Amino acid sequence: MTAYAMVGTALLLGAFVLLAGLYGLLYSLAMVLERPRLRPAAFACYALHFGVMAVLVIATPLGGWWKILIVGSCLAYFAIPPITWRYLVSLHREEEGSHHGRKPRKHVARPVVSIRSRA
Amino acid sequence: MYRSQRLALKYFAAAVVLFGVMTLFGLSSAFYFVHPTFLLNTFNFNTSKILHINTLVLWLLMGFFGSVYWFLPGETGREVEGIGAAEVLFWVFCVVIAVVAAVFIVVQYGPGTEFTLWFINQGRKYVEAPRWAAIAIVVVALVFAYNVIASTVKSRNYSGILMVLILDLIPLCVLYLDAFPRITNMSKDLFWWWWLVHLWVEATWEILIGCIMAWALMDLLGSSRRVVESWLYVEVALVLGTGILGLGHHYFWIGTPRYWLGVGGFFSALEPLPLLGMVIHAIYDAGVNHMQASNRPAFYWMLAEAFGNFIGAGVFGFMMTLPQINLYSHGTQWTASHGHFAFWGAYACGVITVIYLAVQKTRGCSRLDGRAWKWSFALLNLGMLGMVGALLVAGIDQAFFERALGGSTWSAFVALQHQPWYTEGMWARFLFGLVFTAGFAVLAYDLITLGRIRGVEEAEPVKAAAA
């Protein structure tokens with residue numbers, strides 16, 4: 001690896017995780033604030049994240065196994081915000097249900113509604 | 001108020017004092033980089049750095065102990081078992097720290113004899129405290145563990161948080177025993193030394209702060225125990241799953257077998273994943289509470305913890321954790337930038353959160369707000385961001401010129417000292433260190449005066465609120 005490739009690859013790796021974080025942040029804000037406009041912004045961040053992944057795979061001298069790991073991470077980052085969000089909502093919903101002596105409800109597709117109703 | 005909570009306040013006070021000492025020695029250490037002859041032969045850089053790093057470990061440890069002593073009586077519904085011994089050992093702990101600091105400042109180092117190991121300096125980075133002091137720290141930790149375990153058993157309250165905490169106390173005490181061996185083979189010595197340095201920080205401390213933040217969430221936001229405990233289990237599983245073998249990224253270049261490159265790189269690459277989950281959790285809680293809480297400083301510091309942890313440990317860590325990058329970046333200012341940011345996000349912000357919670361309860365304030373905490377929050381975080389940004393620039397420059405181009409030679413090291421990106425980066429780090437120091441001063445002022453000297457517009461006492 002050349003000195004320039006080392007710096008370039010490191011910065012791309014940093015951008016890779018940072019964009020995943022921005023995707024998660026905007027996704028969560030879109031849900032919590034009920035701002036549908038933020039969701040395209042979140043997915044735009046993910047698209048950039050995906051693009052950085054592609055550059056890392058195609059244009060950097062990282063070893064093959066590391067590139068596979070980065071592709072796998074990219075897919076995992078896509079799933080983490082929605083899965084975490086649904087898990088949190090279902091946890092809170094079950095807790096609400098048990099407080100009111102009701103049978104816990106199953107997960108629903110629109111978790112933000114529960115936050116609204118709590119407010 | 002329980003005696004345990006009064007003890008917690010003493011621990012918090014000591015933690016804040018040590019936080020200040022750490023900041024001052026950090027500032028002086030930063031100044032040596034821009035003015036290398038500063039206090040030459042009077043108070044050398046290595047001593048300043050030792051004091052900076054050791055007080056970092058100690059103020060956080062005291063903050064953790066204080067946090068547990070603060071929440072434990074509420075959790076068990078009774079006074080902490082063996083609180084008398086804990087009270088005595090708090091003062092022992094303080095005396096040990098003062099004596100060790102005095103020895104470091106005045107004596108600094110000695111000949112390579114047993115006497116030096118026992119009474120002056122063990123010479124192992126981050127655990128320089130002489131053996132007698134290290135034994136005293138183990139005794140303090142063991143009594144702390146006894147306090148938690150005995151109180152839990154007596155109360156018969158085997159809550160999830162307490163059980164996780166008790167399991168965590170075993171490695172917390174056992175791993176510190178790694179501070180004692182004198183192994184002459186450097187590879188073997190570093191192999192075990194990293195068990196203390198990494199596993200303490202990225203395993204036991206992570207779980208400890210997880211338990212503390214679980215209590216803080218219930219206290220601050222009224223989150224239900226079931227929700228908090230469920231999330232704690234998930235976080236602990238993910239953090240341990242990635243953090244334990246993430247230890248391998250320290251084994252890349254110390255003479256360990258080649259397979260550590262794969263193991264360390266793989267698990268380190270997974271480490272940011274649970275941190276992203278924590279960010280989502282923080283936003284969820286913030287959204288549910290509409291960014292409002294009765295204790296706004298604690299709430300904002302709690303949010304800062306999630307974001308700081310993700311960026312400091314996740315982003316800055318991933319940049320340099322894969323072996324092909326780490327070959328050039330390890331041990332440079334780049335590592336220092338990651339270390340500063342990760343410690344700040346993962347632990348310091350969490351301890352400050354609990355201190356504000358304790359301030360609210362002890363000063364009888366129904367809600368905490370004001371201007372001072374905002375200034376300290378802004379200055380501390382701006383100072384930290386500036387420092388880690390400057391160190392990142394200087395570190396990349398160092399990895400580029402000194403390591404990758406210069407081949408880590410002595411002449412490359414000397415040449416680096418004239419590289420403008422490096423020298424200006426170190427100046428910027430010092431200047432942002434001043435900003436951070438100002439933030440600490442405002443934080444200390446706020447913690448001392450909030451709800452005590454300043455009026456209701458700053459902190460609203462219960463009586464005023466009730467009226």
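As a convention, each chain's residues are numbered from 1 in the sequence order in which they are written. Written order decides the labels, with chains lettered from A and ligands numbered from 1. Totals for whole chains, interfaces and linings use all residues, but because this is a predicted model, local features are given only for residues with pLDDT of at least 70 and pairs of side-chain atoms are given and counted only at 80 or more. Working from all heavy atoms in the structure, the side-chain values ignore hydrogens and water.

**Quick look at the overall build of chain A**
And step 1. Put simply, DSSP marks the helices as runs of H or I at least four residues long and the strands as runs of E at least two long, and each gets a number from the N terminus on. For chain A, the helix and strand inventory stands at four helices and zero strands.
And step 2. Helices and strands in chain A line up, N terminus first, as α-α-α-α.
And step 3. Contacts were defined at the residue level, with two residues in contact if any of their heavy atoms lie within 4.5 Å. Counting only contacts in chain A whose residues sit at least 6 apart along the sequence, the fraction spanning at least 24 positions is 61%.
And step 4. Areas reported as accessible are Shrake-Rupley estimates using a 1.4 Å probe. Residue values count occlusion only from the protein chains shown. Entry remark: accessible area of chain A is about 6200 Å², with carbon and sulfur atoms responsible for 68%.

**Quick notes on the packing of helix α13 (residues 333–362) of chain B against helix α14 (residues 372–405) of chain B**
Residue and element names in this part refer to chain B.
And step 1. Packing of α13 against α14 leaves a shortest axis separation of 7 Å and a crossing angle of 165°. Between α13 and α14, the angle falls in the class roughly antiparallel. As for how α13 packs across α14, the hand of that crossing is left-handed.
And step 2. Each residue is assigned to one class: nonpolar for Ala, Val, Leu, Ile, Met, Phe, Trp, Tyr, Cys and Pro, charged for Asp, Glu, Lys and Arg, and polar for all the others, Gly among them. Among the residues forming the contact of α13 with α14, the class breakdown is 15 nonpolar, seven polar and no charged. Structural elements are reduced to axes, namely lines fitted to C-alpha atoms, with helices fitted over the stretch in contact, and the angle between N-to-C directions of any two is expressed from 0 to 180 degrees. Convention used here: angles under 35 degrees read as roughly parallel, angles over 145 as roughly antiparallel, angles from 65 to 115 as roughly perpendicular, and any remaining angle as oblique. Left-handed describes a crossing in which the near helix is turned anticlockwise from the far one by less than a right angle; the clockwise case is right-handed.

**Concerning helix α6 (residues 160–174) of chain B**
And step 1. Helix span, as expected, comes to 1.5 Å for every residue beyond the first. Compared with an ideal rise of 1.5 Å per residue, which puts 15 residues at 21 Å, α6(B) spans 22 Å between its outermost C-alpha atoms and is within 8% of the ideal.
And step 2. For every residue, the accessible area obtained with a 1.4 Å probe (protein chains only) is divided by the maximum for its type, and the residue is called buried under 20%, exposed over 50%, and partly exposed between those limits. Taken together, the buried positions of α6(B) are B:Gly160, B:Ile161, B:Leu162, B:Val164, B:Leu165, B:Ile166, B:Asp168, B:Leu169, B:Leu172 and B:Cys173.

**Considerations on the interface of chain B and chain A**
And step 1. Contact residues are listed per partner, giving 40 residues for chain B and 42 residues for chain A.
And step 2. By definition, the buried area sums, over both parts, the 1.4 Å-probe accessible area that each loses when the two are put together. Overall, the association of chain B and chain A removes approximately 3800 Å² of surface from exposure, summing both partners, and the carbon and sulfur fraction of that is 81%.
And step 3. On the chain B side of the contact with chain A, B:Ile280, B:Tyr284 and B:Gln324 bury the most area, a combined 19% of that side's loss.
And step 4. What qualifies as a polar contact is a pair of N or O atoms within 3.5 Å, subject to a donor-acceptor requirement within protein and to the restriction that residues adjacent in sequence count only when both atoms come from side chains. Viewed at the interface, chain A and chain B are joined by three residue pairs in polar contact (both at pLDDT 80 or more).
And step 5. Broken down by secondary-structure element, the contributors of at least two residues to the side of chain B that touches chain A are α8 (225–246), α9 (259–270), α10 (272–288), α11 (296–319), α12 (323–329) and α14 of chain B.
And step 6. It is α10(B) that contributes the most residues to the side of chain B that touches chain A, 10 residues altogether.

**A few points about the side chain of B:Asn326**
Residues and elements named next belong to chain B.
And step 1. Here Asn-326 lies in helix α12.
And step 2. For Asn-326, a relative accessible area of 6% gives the class buried.
And step 3. Side-chain polar atoms of Asn-326 contact the side chain of Trp-253, separated by 2.7 Å.
And step 4. Among residues more than four places away in sequence, those in contact with Asn-326 are His-249, Phe-252, Trp-253, Met-320 and Thr-321.

**Comments concerning the packing of aromatic side chains**
All names here are of chain B.
And step 1. Centre distance within 6.5 Å is the pairing criterion for rings of Phe, Tyr and Trp, where only the six-membered ring of Trp is used; planes under 30 degrees apart are then read as stacked, over 60 as edge-to-face, and the remainder as tilted. Here the structure, examined in full by the defined rule, presents 57 aromatic pairs over all chains.
And step 2. Pairing Trp-205 with Phe-343 gives two aromatic rings, centres 6.3 Å apart and planes at 85°, and the pair type is edge-to-face. Of this pair, Trp-205 sits in helix α7 (residues 186–221) while Phe-343 sits in helix α13; the two residues are 138 residues apart in sequence, bridging distant segments of the chain. Comparing Trp-205 with Phe-343 shows no difference in burial state: the two are buried.
And step 3. Every member of this aromatic cluster is reached through a ring pair, and the members are Phe-19, Trp-59, Phe-299, Tyr-300, Trp-301, Trp-344, Trp-373, Phe-377, Phe-436 and Phe-440.

**Comments concerning a nonpolar patch on the surface**
Residue and element names in this part refer to chain B.
And step 1. Taken together, the side chains of Phe-115, Trp-118, Phe-119, Ile-135 and Val-139 present a nonpolar region at the surface, about 460 Å² in accessible area.
And step 2. Only α4 (114–119) and α5 (131–155) provide two or more residues apiece to the nonpolar patch.
And step 3. By the secondary structure assignment, Trp-118 is in helix α4. Residues enter a patch when their relative accessible area is above 30% and they make no salt bridge; the linking distance is 9 Å between like charges and 5 Å between nonpolar side chains (Val, Leu, Ile, Met, Phe, Trp, Tyr). For this analysis, a salt bridge means a side-chain nitrogen from Lys or Arg found within 4 Å of a carboxyl oxygen belonging to Asp or Glu.

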